[in-house]
Number of protein chains: 2
Amino acid sequence: MSTQSPRRKRATVHDVAIEAGVSRGTVSRVVNGERYVSDEARAAIEAAIVKVGYVPNTAARNLVMQRTQAVAFIVHEPGPLFVEDPNIGEILLGANATLSAADYQMTILVVDSERDTERVARFLRGGFVDGLIMVSARTDDPITRVIEQLELPAAFVGHPPGLTAAWVGIDNRGSARAVTERLVATGRRHIGMIAAALDRDSGVDRLQGFTDALGDRFRSDLVESVPLYSYSAGVDGMRALLARRPEIDGVFAASDAVAAGAIEALREAGRSIPDDVGVVGFDDSAWARRTHPGLSTVRQPAAGLGRAAAESVLAQLGGEQPLVDGIMVETAIVWRESA
Amino acid sequence: MSTQSPRRKRATVHDVAIEAGVSRGTVSRVVNGERYVSDEARAAIEAAIVKVGYVPNTAARNLVMQRTQAVAFIVHEPGPLFVEDPNIGEILLGANATLSAADYQMTILVVDSERDTERVARFLRGGFVDGLIMVSARTDDPITRVIEQLELPAAFVGHPPGLTAAWVGIDNRGSARAVTERLVATGRRHIGMIAAALDRDSGVDRLQGFTDALGDRFRSDLVESVPLYSYSAGVDGMRALLARRPEIDGVFAASDAVAAGAIEALREAGRSIPDDVGVVGFDDSAWARRTHPGLSTVRQPAAGLGRAAAESVLAQLGGEQPLVDGIMVETAIVWRESA
DNA sequence: TTGTACGCGTTATCAC
DNA sequence: GTGATAACGCGTACAA
C-alpha cells in the first residue's frame, strides 16, 4: 500500500563490467578514453553502458581524484542589490565563458544571511570546488576572512584593503579622476559628488579620484555619501545635495544607477541637464543609455573582469603562483550628452 | 629550487583518531553530534580536531550518505538578458532563503552555450546535487529535456507545454486579462499589445489573456511580437505599432521592461501618456517605478515563486509525490498613472 | 591488452 | 561507550 519511490539503484562500473564480461578496470579505461583497450572489448563495454544506463558517480570520482572540476563564484550582496547591479551579471558571464572553455563547472553561491556564510564556508572547505572567484567583497566581511584562511586557489574582483589573495580590478581612482575632469574642463564652478559604498575599495577609490581632479576646489559639503550603488540612493543623495548647495552645477555620481537617480531628482527640482547641471556616472551599464539625456560615464569592462578572474584561478590550479599585485583591466570614457 | 606548493595534506578522521587515542568510529560520532560518547573521549577528540585542523571531506561523506544537501538552481537565459530580468534575482533569493533554512546549499548553474548544456547535464547526473529548480525553461530546450530524464526531484518556475515535472507559476492569462480590461474600461478604442517571448508559456498566456479581454474588438494587426522581454524590444515593438496603426491609444506590454521601451518610443513620437496613449505592463519590477508616468502593472510575487519552488523540491526530497497540476501563486494589480 | 587489489575519507553495523 | 570492519563507487599501479 505504501507508495514506495520506484527509483532503481544506479548502475555502477561493476554492473557494466558484468554485463560486458570484462573487469572493472577495463570499463574504467573505456569511460576515461584511455588507450590499450581492444576494439572488441570497447564495443562490448559501450553497448553495456547504454544497456544498463551507466553514468559515472562524480562524488566517488572526486574522492579518488581529489578534484572536482568545479569553481565557485561567490556573490555577497545585500539581497535586492544583487538584482540591480548590472556588472555582476556581466562579470559572471565572462567568468563562466572562460571556465566553461577549460571544462570547469562554475557554481554560483549567494551569501545572503549569517546562516549562508557558515554553510558556504563548510561547502568550500568540504572539497566541493577546486577554486573560487569572489565578487564585491567588503572589508569587514566574515566570508572574506573565511576565504583567506581557505588555502584554495582564489581570485577577487576588486581588492578590499589588506587582502593578500590574487585580485583583478580597474583603476577606479584614475577613471573617476578622468571623468570628473570633464566637469572641470566645461567650466562648472560648483562640482559635487554622490559617493557610494564607502565600505568597499571601489567606493573609496572613486571618491579619491574625485578629490584628485578637483584639487583645491574640493569642498567637503559638496560630497554626499550614500550606502549603496542604487537608483534610490541616487535620488536621496541628489536631493540632499540640492538642499544643501542649490548652486551646484556639476555632479559625479559613483555609479550609473546612482546617476540615474540623481537625474530623476534634478528633474523634480526643475534643473535641466546639461545646461543647469552636468552629470557624469560610472560603469556604462544599461542605465547610461536610458537616461535623458544620455549619460557620460566610465566604461567598465565587466565581462573582461570575469574572464581575468577566471584565468587567474585556472593559472593557480595549474600550479602557478598568484600575482600579488593584482591585475588591472583597462577602462574607457564614454561621452554622451549629460556633460 | 622548485617552488613546491606548501599545502600540507588535509587532516582526516584517521589523524584525529590517532591524535586523540581513540578509534575512527568514535571520532565520527563526535563530529556528527551523536550520543553515547563519554565526556572525556569527546573532550580529547574536540581538542585533537582543532590541533590537527580537521575538516570533514564532503566528497567522502556524499559518497557514503548518497546525498549532498545541495540543490541546483538552473538559469538558462540568453546571455545579457539574465542581467536584465529582475524577476530571476528575486526568485533566486526567495529560493535560497527557503533552502538555506532547511540547511541546503543552493548552487546556481548558468547555461549559456552548447557546451554548458552538456557539462551541466553531467554535473546533475553525477550526484552533485539532490534536486533542482529550473527557471525560464523553453519548450525546445535541450537542457529541459535532459532534466526530465533525470529522475531527480525538480521544480520548474513556469511550465513549458508538455512538461510532466512539478512546477509553480502565476496565472499569466488571467492577470493579463485583468490588466488589459483597465484599458477597455477607460474608453480606449484602439488597444494594441507588444507580445514577447512567445516561445515560452508566459508569453503565450499573456497574449491569450489580452485577446480574452478584448473579445471581438481584437485586431491582429494591433499585436506586435518581439523575441525577448527587454527594453530595446519594447522600443522596436512600439515603433512598429505606431507605424502600422498610428491611431493606437492603448497598449499592453508583455513586461515592464518592454513597457519602458514602449514609453520611450511613444515619447519620441510625441505622444503623451496617459492622455494620448494608455500603457500597462507586467511584473511590477523596478522598471515600473522609474517610468514617467509610473506604470500600471501586474505585481508578480517573484520571491514567493522561488520559495514555492524550493518547498516543492524539499517536499519531494522528503518522499512526497510532486503535485502534477502545479502551484499557482497569487498576483495583484498595481494602478499607477500610465493608464 | 587485461585483471587484481588497494586506497580515497566517511558513515554504519556490528560485536565487545 | 567503544573499536573493528565493511561498504560507498571509482582510478590506477602492478602483475599477468
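As the structure is a prediction and not an experimental result, all values here were calculated from the model.

> Which residues make up the interface of chain A and chain B, and what values go with them?
The interface of chain A with chain B comprises 55 residues on the first partner and 55 residues on the second. Of the roughly 4,900 Å² buried between chain A and chain B, counting both surfaces, carbon and sulfur atoms make up 53%. Taken as a group, Gln105(A), Phe128(A) and Arg290(A) account for 13% of the area that chain A buries against chain B, more than any other trio of residues on that side. Viewed at the interface, chain B and chain A are joined by four salt bridges.

> Give a description of the UniProt feature "domain: HTH lacI-type" (unreviewed entry) in chain A that names residues and reports values.
As recorded in UniProt, the sites labelled "domain: HTH lacI-type" (unreviewed entry) are residues 11-65 of chain A. The straight-line gap between the two end C-alpha atoms of residues 11-65 of chain A is 20 Å; of that span, 69% is helix and 0% is strand.

> Describe unusual backbone geometry, listing the residues and the values that go with them.
Residue Ile273(A) is joined to Pro274(A) through a cis peptide bond whose omega torsion reads 5°. In this fold, Pro274(A) is placed in the loop between helix 12 (256-268) and strand 9 (278-280). Residue His292(B) is joined to Pro293(B) through a cis peptide bond whose omega torsion reads -5°. Here Pro293(B) shows up in the loop between strand 9 (278-280) and strand 10 (297-299). Phi angles above zero are rare outside glycine, and Asp283(A) is one such case at about 130°. Looking at where Asp283(A) falls in the secondary structure, it is placed in the loop between strand 9 and strand 10 (297-299).

> Mind laying out the packing of aromatic side chains, listing which residues take part and the relevant values?
Residue and element names in this part refer to chain A. Going through the model one piece at a time under the given rule, you end up with ten aromatic pairs over all chains. Each ring, one from Phe123 and one from Phe128, has its centre 4.1 Å from the other, and the planes form 10°; the classification is stacked. Judged by relative accessible area, which is 8%, Phe123 ranks as buried. For Phe128, a relative accessible area of 6% corresponds to the buried category.

> Explain the side chain of Arg245(A) to me, using residue names and the numbers behind them.
Residues and elements named next belong to chain A. Structurally, Arg245 can be placed in the loop between helix 11 (231-244) and strand 8 (250-253). With relative accessibility at 15%, the residue Arg245 sits in the buried group. Looking at Arg245, its side chain comes within polar contact range of the side chain of Glu247, at 2.6 Å. Apart from the residues within four sequence positions on either side, Arg245 is in contact with His190, Arg219, Asp221 and Leu222.

> Explain the relation of the copies chain A and chain B to me, using residue names and the numbers behind them.
By a simple turn and slide, chain A fits onto chain B: the slide is 0.0 Å along the axis, the RMSD is 0.1 Å, and the turn is 180°. When the rotation and shift are considered jointly, the pair of chain copies conforms to a two-fold rotation axis. Comparing contact sets, 100% of the residues at the interface of chain A also lie at the interface in chain B, consistent with an isologous, same-surface contact.

> Any chance you could break down helix 12 of chain A for me, citing the residues and the numbers?
All names here are of chain A. Look at helix 12: 18 Å from first C-alpha to last across 13 residues, which is about the 18 Å you get at 1.5 Å a residue. Taken across its 13 residues, helix 12 has eleven buried, putting it largely inside the fold. Every buried residue of helix 12 is accounted for by Asp256, Ala257, Val258, Ala259, Ala260, Gly261, Ala262, Ile263, Glu264, Ala265 and Leu266. Each element contacted by the buried residues of helix 12 is listed here: strand 6 (191-196), helix 11, strand 8, strand 9 and strand 10. Where helix 12 starts, the residue carrying a side-chain oxygen 3.3 Å from the main-chain nitrogen of Ala257 turns out to be Ser255. Where helix 12 ends, the next residue or the one after it, Gly270, has phi of about 80°, a positive value.

> Any chance you could break down the protein's contact with DNA strand D for me, citing the residues and the numbers?
Taken together, 27 residues form the shell around DNA strand D, and within it Val13(A), Arg61(A), Thr26(B), Arg29(B) and Ser38(B) come nearest. The protein-proximal atoms of DNA strand D, defined as those within 4 Å of the protein, are 69% sugar or phosphate. Taking Val13(A), its main chain carries an N or O atom lying 2.7 Å from a phosphate oxygen of DNA strand D. For DNA strand D, a base oxygen lies 2.7 Å from a polar atom in the side chain of Arg29(B). Contributions of two or more residues to the surface near DNA strand D are made by helix 2 (24-31) and helix 4 (58-65) of chain A together with helix 2 (24-31) and helix 4 (58-65) of chain B. Considering each element in turn, the surface near DNA strand D owes the most residues, four residues, to helix 4 of chain A.

> Explain the packing of helix 7 (residues 114-125) of chain A against helix 8 (residues 142-149) of chain A residue by residue, including any values.
Residues and elements named next belong to chain A. One way to put it is that helix 7 packs onto helix 8 with a least axis distance of 10 Å and a crossing angle of 15°. As judged from the angle between their axes, helix 7 and helix 8 are roughly parallel. Between helix 7 and helix 8 the crossing geometry is right-handed. Here helix 7 contributes Thr117, Val120, Ala121, Leu124 and Arg125 to the contact with helix 8, which in turn contributes Pro142, Ile143, Val146 and Ile147. Class assignment of the residues belonging to the contact of helix 7 with helix 8 gives a composition of seven nonpolar, one polar and one charged.

> Before we move on, can you summarise the environment of Thr297(B) with the specific residues and values?
Residue and element names in this part refer to chain B. Counting through the fold element by element, Thr297 comes out in strand 10. Looking at Thr297, the relative accessible area reads 0%, which means it is buried. Contact partners of Thr297, with chain neighbours within four places excluded, come to Val179, Asp256, Gly281, Phe282, Asp283, Asp284, Ala288, Ala332, Ile333, Val334 and Arg336. At 2.9 Å, the side chain of Thr297 forms a polar contact with the backbone nitrogen of Phe282. A polar atom in the side chain of Thr297 sits 3.4 Å from the backbone nitrogen of Asp284.

> Talk me through the environment of Arg267(B); I want residue IDs and the actual numbers.
With respect to the helices, strands and loops of the structure, Arg267(B) is situated in helix 12 (residues 256-268). A C-alpha to C-alpha distance of 37 Å links Arg267(B) and Asp141(B), two positions 126 residues apart in sequence. Contacts of Arg267(B), omitting those with residues within four sequence positions, involve Arg267(A) and His292(A).

Conventions and cut-offs
Residues numbered from 1 in each chain as written. Chains lettered and ligands numbered in written order. Predicted model: local features only at pLDDT ≥ 70, side-chain atom pairs only at ≥ 80, totals over all residues. Heavy atoms only, no water. Contact = heavy atoms within 4.5 Å. Buried area = accessible area lost by both parts, 1.4 Å probe. Salt bridge = Lys/Arg side-chain N within 4 Å of Asp/Glu carboxyl O. UniProt positions renumbered as here; feature names shortened; annotations may be inferred. Helix = DSSP H or I, 4+ residues; strand = E, 2+ residues; numbered from the N terminus. Phe/Tyr/Trp six-rings, centres within 6.5 Å; stacked < 30°, edge-to-face > 60°. Buried < 20%, exposed > 50% of the residue type's maximum accessible area, 1.4 Å probe, protein only. Polar contact = N/O pair within 3.5 Å; in protein donor to acceptor, adjacent residues only side chain to side chain. Least-squares fit on C-alpha atoms with pLDDT ≥ 70 in both. Expected span 1.5 Å × (residues − 1). Near = heavy atom within 4 Å. Axes fitted to C-alpha atoms, helices over the stretch in contact; angles between N-to-C directions. Parallel < 35°, antiparallel > 145°, perpendicular 65-115°, else oblique. Left-handed = near helix turned anticlockwise from the far one by under 90°. Nonpolar A, V, L, I, M, F, W, Y, C, P; charged D, E, K, R; others polar.

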